Amino acid sequence: MRYLVLTVDYEIFGNGTGDVRQHIIDPTERMARICQQYDFPLTVFFEAEEYVAFRENAARLRKDLGYDPAALIRQQIVSLLRQGHDVQLHLHPEWYGARYEAGTWLLHPGKKTVDSLFETQAEVTNYIASRKALIDEIVAQASSLQQVRAYRAGAFSAQPGQKLLPALSENGFIIESSVVKGLHNAGQGFDYKSAPSSKGPWRISQDVIREDPTGPLWEFPIYSVMGRRFQQLTFDRLRAKFSRTVPREKQRELIAQLGIRPRNPLSLLKFLWQPVPLKLDYHNISAKKLMRWINNAPKPADRSPDVVTLIGHTKEHIDDRELGKLLRGIARESDFKVISLTALAKSLATKDVNLAVTQA
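This is a predicted model, so every value here is computed, not measured.

A description of the environment of P298 should follow, citing residues and the corresponding values.
Mapped onto the secondary structure, P298 falls in the loop between helix 10 (287–296) and strand 14 (307–313). Measuring from C-alpha to C-alpha, the distance between P298 and I209 comes to 19 Å, with 89 residues separating the pair along the chain. With sequence-adjacent residues up to four places away left out, P298 is seen in contact with R2, K199, Y223 and D306.

I'd like to hear about the packing of helix 2 (residues 48–56) against helix 4 (residues 69–82), residue by residue, with values.
Helix-helix packing is described using two parameters, namely the angle between the two axes and the distance between the axes. The contact between helix 2 and helix 4 brings their axes to 7 Å, and the two run at 130°. Here helix 2 is positioned oblique relative to helix 4, judged by the angle of their axes. Each of Y51, F54 and R55 in helix 2 lies in contact with helix 4, whose residues at this interface are P69, A70, I73 and R74.

An account of helix 10 is requested, with residue identities and associated values reported.
Of all the residues in helix 10, the buried ones are A287, L290, M291, W293 and I294. Axial view of helix 10: buried residues confined to an arc of 165°, hence all on one face. Residues of helix 10 that are exposed and point over 90 degrees away from its buried face: K288 and N296. Buried residues in helix 10 make contact with strand 1 (2–10), strand 12 (224–228), strand 13 (275–279), strand 14, helix 11 (320–332) and strand 15 (336–338).

For the packing of aromatic side chains, give the residues involved together with the corresponding values.
Counting across every chain of the model gives 12 aromatic pairs. Between the aromatic rings of F190 and Y192, the centroid separation amounts to 4.8 Å while the plane-to-plane angle is 25°, which identifies the pairing as stacked. Since its relative accessible area comes to 5%, F190 is described here as buried. Taking the ring centre of F13 as reference, the NZ or CZ of K315 above it sits at 5.7 Å.

So, the packing of helix 1 (residues 20–37) against helix 11: which residues are in play, and what are the values?
Contact pair helix 1 / helix 11: the axes reach a minimum separation of 10 Å and the direction vectors enclose 30°. Taken as axis vectors, helix 1 and helix 11 run roughly parallel relative to one another. Between helix 1 and helix 11 lies a crossing of right-handed hand. Here R30, M31, R33, I34 and C35 of helix 1 come into contact with helix 11, specifically with D320, L323, G324 and L327. Of the residues assigned to the contact of helix 1 with helix 11, the class counts are 5 nonpolar, 1 polar and 3 charged.

How would you summarise unusual backbone geometry if you had to cite specific residues and measurements?
That bond from Q159 to P160 is cis: its omega, 5°, falls within 30 degrees of zero. Within the secondary structure, P160 sits in the loop between strand 6 (150–153) and helix 6 (164–170). Cis geometry marks the peptide bond from G200 to P201; its omega dihedral reads 5°. You can see P201 is positioned in the loop between strand 9 (190–191) and strand 10 (202–204). Despite not being glycine, A102 has its phi angle at roughly 50°, a positive value. Note on placement: A102 falls in the loop between strand 4 (99–101) and strand 5 (104–106). The residue F156 is not glycine, and still its phi comes out positive at about 65°. Among the secondary structure elements, F156 is positioned in the loop between strand 6 and helix 6. Given the relative accessible area of 13%, F156 is considered buried.

Let's hear about the pairing of strand 3 (residues 86–91): which residues, and what values?
Taking burial as the measure, the 6 residues of strand 3 include 6 buried ones, the bulk of the element. Side-chain alternation along strand 3 places D86, Q88 and H90 on one buried face and V87, L89 and L91 on a second face that is also buried. Examined bridge by bridge, strand 2 (residues 43–47) and strand 3 share 5 bridges and lie parallel to one another. Bridging from a neighbouring strand, V44 pairs with V87 of strand 3.

Rules behind the numbers
Here the residue numbering is sequential within each chain, running from 1 through the sequence in written order. Per-residue local features are limited, in this predicted model, to residues with pLDDT of at least 70; the limit for side-chain atom pairs, both in listing and counting, is 80 or more; totals at the level of whole chains, interfaces and linings are taken over all residues. Hydrogens are left out, water is left out, and the side-chain values use all remaining heavy atoms of the structure. Runs of E in the DSSP output that reach at least two residues are strands. Runs of H or I that reach at least four are helices, and both are numbered from the N terminus. Here a residue-residue contact requires only that any non-hydrogen atoms of the pair lie within 4.5 Å. Only C-alpha atoms enter the line fits that serve as axes; for helices the fit covers just the stretch in contact. Angles between N-to-C directions range over 0 to 180 degrees. Just so you know how the angles are binned, under 35 degrees is roughly parallel, over 145 roughly antiparallel, 65 to 115 roughly perpendicular, and the rest oblique. Exposure is judged per residue with a 1.4 Å probe applied to protein chains only, and the accessible area is read against the type maximum: over 50% gives exposed, under 20% gives buried, and values in between give partly exposed. Directions pointing from the helix axis toward each C-beta atom define the arc. Between the rings of Phe, Tyr and Trp (Trp by its six-membered ring), a pair exists once the centres lie within 6.5 Å; its type follows the angle of the planes, with under 30 degrees stacked, over 60 edge-to-face, and the other angles tilted. Any Lys NZ or Arg CZ found within 6 Å of a ring centre and within 35 degrees of that ring's normal is scored as a charge over the ring. Each crossing gets its hand from how the near helix is turned against the far one by less than a right angle, where anticlockwise is left-handed and clockwise is right-handed. Residues are grouped as follows: nonpolar covers Ala, Val, Leu, Ile, Met, Phe, Trp, Tyr, Cys and Pro; charged covers Asp, Glu, Lys and Arg; every other residue, Gly included, is treated as polar. For two strands to count as paired, DSSP must find a minimum of two bridges between them.

Here it is, written out as structure tokens:
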């Protein structure tokens, strides 16, 4: 049996732009409805730091927007849990201590990792405990089965992790899922080129890409296939990144990050030929190609679970039909099973590395 995890990062845009109803609530509702047709659990990586900012500024946001973003998020998370979906922890440290002024969010772009927020291990451990407790409190209203045992770093920035990983372990986390083999970003401070595998999993303790057979955490990377940058220029990806629902400020920021500017043809060709990992992102890759990659993913060489982790983003969910195609394809494969990270964590906690999962 090959197990698939459908994860989605539940958030607005990383620079603080976007509308919670348009970029979180509505697309998530549609995604969950499609998953329900096949009885597939959706694993939602809930951006808790954004939620804290929305909750602390509820009065001003209600005045400016005409609604309370935090209240809508809380209501939807409870509904998702009652439907059998999964909710895990996701953090963008830039949102810690964010200020809302004149209708704009002022973030802290220099704070790219959880390690950078605090000086001591105790502070980081307490911080992770507080954000986990926030989700636990919401979960308690809806599900006795759900457990917050998995973490994903904002913008995949889980390195260096010397304080983050012990904090996760101390707070009962079992799974970390931020690595994309081959991905590196000097500005964000991570380099996953030497990760042990594009599919995993492997055990970790001090670094997400350094295997430790006795580590308390498991790294389940987002599955990726190495390709060239020009292969990212698909219709689905361009539509997700540059549709009319994406704030123009975010579009300009993305173009600047990619270094897209007038240049000579040779330079452009070199740029497009750069090797890059292509993530199993169901909002940027066609269902047909995703099914091929899922089928061709290598089987584990040892007794590790045969798990393929996919990713999506609420703000990039535009076309219900393409997600429906993917889920129909998965449902037709008798040796595929979609599971939640809660189910996976429970199996790992009982040392059932063969993943005899009977419940999603």
